[in-house]
Amino acid sequence: MTTKEKVLKLLQSRQGYFLSGQAIAEELFVTRAGIWKAIKSLRDEGYDIEAVTNRGYRLKVSNVQMDIANISRKLENEWRSIKVIYYDEIDSTNDEARRLDMEDYGAVLVIAGSQSAGRGRRGRRFYSPKHSGIYMSLVLRQELENVPTTNITGICAVAVANAIDRVFFKGDSVTRIKWVNDIFLEERKVAGILTEQYIAMEDREDNRIIIGMGINISKPETGFPKEISKIAGAVVNGEVPGIQREELIIEIVKGLRYYLKNKEESLRTYREKSIVVGGYVKINSFAKMDRNRMYAKVNGITEDYHLAIEYEDGTLDELSSGEVSVVKY
Ligand code: BTN
């Protein structure tokens, strides 16, 4: 990476904040003159970088861009040990969440403008182009937050679905949840969640819960790729201002914190928003399928967010993981 690219990456990670020349020089092992040269050529490329004596440099945010400093400020007000990091582009925020040094923080929120290797559940790719989605991972330290790993996935789905309702639909409950944690709006998937647990090999006490969330806010400039074009959708038609995106991120994180502490309310909302309860599903499992047990009626959602099902022969069962498709009759 060139010095210019390194400087840009650093400014983007603290977008909206001033970084002193000294701090940049120390972080990147570059002379002050080298930094100035990099800033100058970034400006020539069109980046709006402010330079103020005694404060340093700041990458300004435009109307469509988010003001990351605003997100940090608002979240840090309620959650003092959280740190917010932003990248214009990254491979995957979930992967960055593993690489982070978490020592000084209780939680970290990694946000990206786009992902070159966004990951979905079951090894799938998650299409993450710039300007249209929000891609972020909230990293929690298991020992600090006492996160219930068994039902974290369902809790996240509720937080994301509710936040979309509040920010874009005046609080009307329009989003639905497809077990386990796909968020739907008018029969289109608008958000997906990938929760992962990571325990560092070299330090077993470093036990992280990584909650990766991908939300298609508006339609990608070139549309969705063919393989997902029939199922993927966007929360709104047209462009969404940065300020509304900021609001959504703040609502999601606040909601997650709230529902982790208010588990009954989370479960109630999940059940209310469920697409599958009362209907029939086809079970798509990795394991060898029993042909007689491919279809089932969904009787409900258990306290652990498992799917309570009834096979065609009347046998009752519970699914704790996997994927189902809704069957229409
Ligand atoms: C799914 O629907 O299968 C889950 C999609 C999860 C996508 C998010 S985007 C942010 C985070 N980083 C990733 O690589 N994946 C998750």
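Analysis parameters
Residues numbered from 1 in each chain as written. Predicted model: local features only at pLDDT ≥ 70, side-chain atom pairs only at ≥ 80, totals over all residues. Heavy atoms only, no water. Salt bridge = Lys/Arg side-chain N within 4 Å of Asp/Glu carboxyl O. Helix = DSSP H or I, 4+ residues; strand = E, 2+ residues; numbered from the N terminus. Buried < 20%, exposed > 50% of the residue type's maximum accessible area, 1.4 Å probe, protein only. Pairing = 2+ DSSP bridges. 1 Å grid on protein atoms, 1.4 Å probe; cavity = no way out; pocket = protein on both sides within 12 Å on 5 of 7 lines; lining within 4 Å. Points joined across faces, edges and corners; volume = space filled by probe spheres on them. Nonpolar A, V, L, I, M, F, W, Y, C, P; charged D, E, K, R; others polar. Near = heavy atom within 4 Å. Polar contact = N/O pair within 3.5 Å; in protein donor to acceptor, adjacent residues only side chain to side chain. Areas by Shrake-Rupley, 256 points an atom, 1.4 Å probe, with all protein chains shown as cover.

All chains considered together, the criterion is met by 16 salt bridges. Across the pair E323 and R122 runs a salt bridge, and its minimum N-O distance is 3.9 Å. Of the two residues, E323 is situated in strand β14 (residues 323-327) and R122 in the loop between β4 (107-115) and β5 (133-141); the sequence distance between them amounts to 201 residues. For E323, a relative accessible area of 11% puts it in the buried group. Residues E251 and R166 are paired through a salt bridge, measuring 3.5 Å at the closest nitrogen-oxygen approach. With a gap of 85 residues between them, E251 in helix α8 (residues 242-261) and R166 in helix α7 (residues 152-168) connect regions that are remote in the sequence. Among the ionic contacts, a cluster of salt bridges with common partners joins D95, R98, R119 and E196.

Most of strand β9 (residues 207-216) is tucked away: 10 of the 10 residues are buried. Because side chains alternate across β9, one face comprises the buried residues N207, I209, I211, M213 and I215, and the other comprises R208, I210, G212, G214 and N216, equally buried. Summarising the sheet, β5 and β9 pair through nine bridges and their orientation is antiparallel. Considered in β9, the bridge of G133 is made with N216. Here strand β8 (residues 188-199) runs beside β9; their pairing, made up of nine bridges, is antiparallel.

Quick look at the layout of surface pockets now. For the largest pocket, the calculated volume is near 1100 Å³. Forming the walls of the largest pocket are 45 residues, and the residues nearest its centre are K178, D182, F184, K189 and I231. It is β8 that contributes the most residues to the lining of the largest pocket, six residues altogether. By residue class, the composition of the lining of the largest pocket is 19 nonpolar, 13 polar and 13 charged. What the second largest pocket holds in volume is close to 740 Å³.

Neighbouring the ligand are 19 residues; S92, Q115, R119, R121 and K189 lie closest to it. One of the side-chain N or O atoms of T93 is found 3.1 Å from a nitrogen atom in the ligand. A distance of 2.7 Å separates an oxygen atom of the ligand from a polar backbone atom of R119. Protein burial of the ligand: of its 410 Å² of free accessible surface, 98% is covered by the chains. Those elements giving two or more residues to the shell around the ligand turn out to be α5 (93-99), β5, β8 and β9. For the shell around the ligand, the leading source of residues is β8, giving four residues. Its residues assigned to classes, the shell around the ligand comprises five nonpolar, 10 polar and four charged.

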